[in-house]
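Structural overview for review
Single-letter residue listing:
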Amino acid sequence: MEHYEVIVLGLGSMGGAAAHALAGRGVRVLGLETFQPGHDQGAAHGGSRIIRQSYFEHPAYVPLLRRAYEGWHALQEESGRDIVTLCGGIYLGDERNQVFAGSRAAAQEHGLPHEVLTADEIRQRFPTMDPEDDALGLYEENAGYVRPEETTIANAELAAAKGAVLRFSEPVTWWGAVGGGVEVVTTQGRYGADRLVITPGPWAPEVLADLGLPLSIQRMVFHWFTPDFSAVPYESWSQERHPVYVEETHGNEQIYGFPMTDGPEGGFKLGFFRRGTPTTARTIDRQVYQEENAAMQVRARQLFPHLSGPVVQAKTCLYSVTPDEHFVIGPHPAHPQVSVACGFSGHGFKFVPVVGEILADLATTGRTGLPIELFDPRRAALQGV
Ligand SMILES: Cc1cc2nc3c(=O)[nH]c(=O)nc-3n(C[C@H](O)[C@H](O)[C@H](O)COP(=O)(O)OP(=O)(O)OC[C@H]3O[C@@H](n4cnc5c(N)ncnc54)[C@H](O)[C@@H]3O)c2cc1C
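Residues numbered from 1 in each chain as written. Predicted model: local features only at pLDDT ≥ 70, side-chain atom pairs only at ≥ 80, totals over all residues. Heavy atoms only, no water.

With that out of the way, let us pick up the overall build of the chain. The number of helices and strands found in the chain is nine helices and 20 strands. Taken against the 2.2 N^0.38 rule, which gives 21 Å for 385 residues, the C-alpha radius of gyration of the chain at 21 Å falls within 12% of a compact globule. Long-range contacts, defined here as pairs at least 24 residues apart, represent 73% of the contacts in the chain between residues at least 6 apart. If you sum the accessible surface of the chain, you get close to 15,100 Å²; carbon and sulfur atoms cover 49% of it. (Helix = DSSP H or I, 4+ residues; strand = E, 2+ residues; numbered from the N terminus. Rg over C-alpha atoms; globule rule 2.2 N^0.38 Å. Contact = heavy atoms within 4.5 Å. Areas by Shrake-Rupley, 256 points an atom, 1.4 Å probe, with all protein chains shown as cover.)

Set out below in structure tokens:
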């Protein structure tokens, strides 16, 4: 049986970064993955993911975001791939809304550069947008998007170049703690290691069934629409001039989206932020229905009245949502030689490089200096009600 220092189960967003970080530290690492790098079956596809720092979800994420940004720039530089674009970001809501007020609180608490814009200022600066009259926007220059497929491919390439053994199209069918180490069985063999890192994304309910985590796996959709360029020219929709955004006004459902990132034919991509249908990674319906596109377009046009053209494409993706929407990262409560990272609740991608670093810390030393208290697998919010 081949023996490694560390096995990483799942080479998607987080596992790819963990394998890369471990290989970079000279650790003898084996990575195992069901699909191929850049696949579209989990949570790491669709061309773009928002990155931002004035984090309305909780100010405690900000130090991790600062660290993640360093990792993003390093990954781009080292891989030579087109990964990060900082086009700015705006978070819109009425004064008391969490999207606006939470972003402002995080920016103030951590001294992050930002501007507060009124509805008129937003209309002037971003002619694609027509927000409610009482909407406010927190604009942050240091926001933008990263490319998820390029990220997982870059991490796989760099991990392999630094000595990691990566086996794709080789799903893990069983893992277990054996003695002080671990054993892992795949469709093709059996491997041993001192430590195991488990990063299964939306497959967590089966791979980590023993933890009984209260995860809700949800089917989400991203939609790409065609704007009316005769009303607002292409340049105003493009990443040269248009920010990423999250919007929620007057109790409307949150939407988020991107500038046009792939030229005038590429579509303007957006989605509902937290409106998923419960499913599983095995049984998800991957077809997107006409009614879903229509409902999205009606909501989108409240902010973008000129988003009147047809749907270019629409795709499903999977969220793994915890009850408090904070991540699950830490040692496995029953097996200290196993670390887990899952439950990224629809907002994990921007943390990819720093999660890789945390998992490499846990797998090599059993602890990390980075702040992960919020993500404790044993916290009260994850215990059965
Ligand atoms: C529609 C949508 C929009 C999003 N937008 C944003 C955004 O704008 N900003 C942001 O920060 N985040 C965003 N996210 C969230 C972010 O993409 C996820 O939090 C992140 O990708 C989760 O990473 P992961 O590694 O847990 O899962 P994945 O990237 O899915 O990786 C899990 C991997 O494990 C593999 N695996 C599972 N079981 C096994 C097994 N038994 N054997 C071998 N391999 C296995 C899978 O094949 C997969 O490759 C979005 C997600 C979706 C779906």
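With that settled, the discussion passes to the site of the ligand. Not every one of the 35 residues close to the ligand is listed here, only the nearest: Ser13, Glu33, His39, Cys317 and Lys350. Here an oxygen atom of the ligand sits 2.7 Å away from a polar atom, N or O, in the side chain of histidine 39. In isolation the ligand has 1,000 Å² of accessible area, and contact with the protein removes 96% of it. Of all the elements in the fold, those that place two or more residues in the shell around the ligand are helix H1 (13-24), strand S3 (49-51), strand S13 (216-225) and strand S18 (311-321). Ranked by residue count, the leading element in the shell around the ligand is S18, at three residues. Grouping the amino acids of the shell around the ligand by side-chain chemistry returns 21 nonpolar, eleven polar and three charged. (Near = heavy atom within 4 Å. Polar contact = N/O pair within 3.5 Å; in protein donor to acceptor, adjacent residues only side chain to side chain. Nonpolar A, V, L, I, M, F, W, Y, C, P; charged D, E, K, R; others polar.)

This part is about the sheet that holds strand S8 (residues 144-146). An order of S3-S8-S4 is seen for the three strands of this open sheet, with the pairing classed as antiparallel. Edge positions in the sheet fall to S3 and strand S4 (84-85), since each of these pairs with one other strand and no more. In this structure, S4 lies alongside S8, joined through two bridges in antiparallel fashion. In the strand pairing of S8, valine 84 is matched with valine 146. (Pairing = 2+ DSSP bridges.)

This structure, assessed with the given rule, holds 21 aromatic pairs. Judged by centre distance (5.1 Å) and plane angle (75°), the ring pair of phenylalanine 327 and phenylalanine 351 falls under edge-to-face. With phenylalanine 327 in the loop between S18 and strand S19 (328-332) and phenylalanine 351 in the loop between strand S20 (335-342) and helix H9 (352-365), this residue pair connects regions lying 24 residues apart in the sequence. In this structure phenylalanine 327 comes out as buried when scored by relative accessible area, which is 1%. Accessibility expressed as a relative area gives 1% for phenylalanine 351, which makes it buried. Clustering of aromatic rings is evident, with ring pairs tying together Tyr55, Tyr61, Phe327, Phe344, Phe351 and Phe375. Residue placement shows arginine 28 over the ring face of tyrosine 4; its charged tip is 4.5 Å from the ring centre. Cation over ring: arginine 49 sits above phenylalanine 349, and NZ or CZ is 5.8 Å from the ring centre. (Phe/Tyr/Trp six-rings, centres within 6.5 Å; stacked < 30°, edge-to-face > 60°. Buried < 20%, exposed > 50% of the residue type's maximum accessible area, 1.4 Å probe, protein only. Lys NZ or Arg CZ within 6 Å of the ring centre and 35° of its normal.)

This paragraph deals with the UniProt feature "domain: FAD dependent oxidoreductase" (unreviewed entry) in the chain. In the UniProt entry, the feature "domain: FAD dependent oxidoreductase" (unreviewed entry) is given for residues 6-362. Across residues 6-362, the secondary structure splits into 27% helix and 29% strand, with the terminal C-alpha atoms separated by 11 Å. (UniProt positions renumbered as here; feature names shortened; annotations may be inferred.)

This part takes up the layout of surface pockets. Taken as a whole, the second largest pocket encloses approximately 310 Å³ of empty space. Lining the second largest pocket are 15 residues, and of these His20, Ala21, Gly71, Ala74 and Pro353 sit closest to its centre. For the lining of the second largest pocket, the elements supplying multiple residues, two or more each, are H1, helix H2 (62-79) and H9. In terms of residue count, the dominant contributor to the lining of the second largest pocket is H2 (six residues). (1 Å grid on protein atoms, 1.4 Å probe; cavity = no way out; pocket = protein on both sides within 12 Å on 5 of 7 lines; lining within 4 Å. Points joined across faces, edges and corners; volume = space filled by probe spheres on them.)

As a further point, take the domain arrangement of the chain. For the chain, the assigned domains are domain 1 (2-45 + 149-211 + 324-382) and domain 2 (49-146 + 216-321). Measuring from the centre of the C-alpha atoms in domain 1 to the corresponding centre in domain 2 gives 28 Å. Between domain 1 and domain 2, the contact holds 40 residues from the first and 37 residues from the second. Buried surface at the junction of domain 1 and domain 2, both sides included, amounts to about 3,300 Å², of which 60% is carbon and sulfur. At the boundary of domain 1 with domain 2, the tally comes to seven salt bridges. (Domains from an automatic or database assignment. Buried area = accessible area lost by both parts, 1.4 Å probe. Salt bridge = Lys/Arg side-chain N within 4 Å of Asp/Glu carboxyl O.)

The next thing to look at is the pairing of strand S10 (residues 172-178). In the sheet, S10 pairs with strand S11 (residues 181-186) via six bridges, with the strands oriented antiparallel. For alanine 177, the partnering residue across the bridge sits in S11 and is valine 182.

Our focus in this paragraph is the side chain of threonine 322. Its place among the elements puts threonine 322 in the loop between S18 and S19. Within the structure, the side chain of threonine 322 is placed 3.2 Å from the side chain of aspartate 324, a separation counted as a polar contact. A distance of 3.0 Å separates a polar atom in the side chain of threonine 322 from the backbone nitrogen of glutamate 325. In this structure threonine 322 touches Pro214, Leu215, Val328, Gly343, Ser345, Arg379 and Leu382, once residues within four positions along its chain are discounted.

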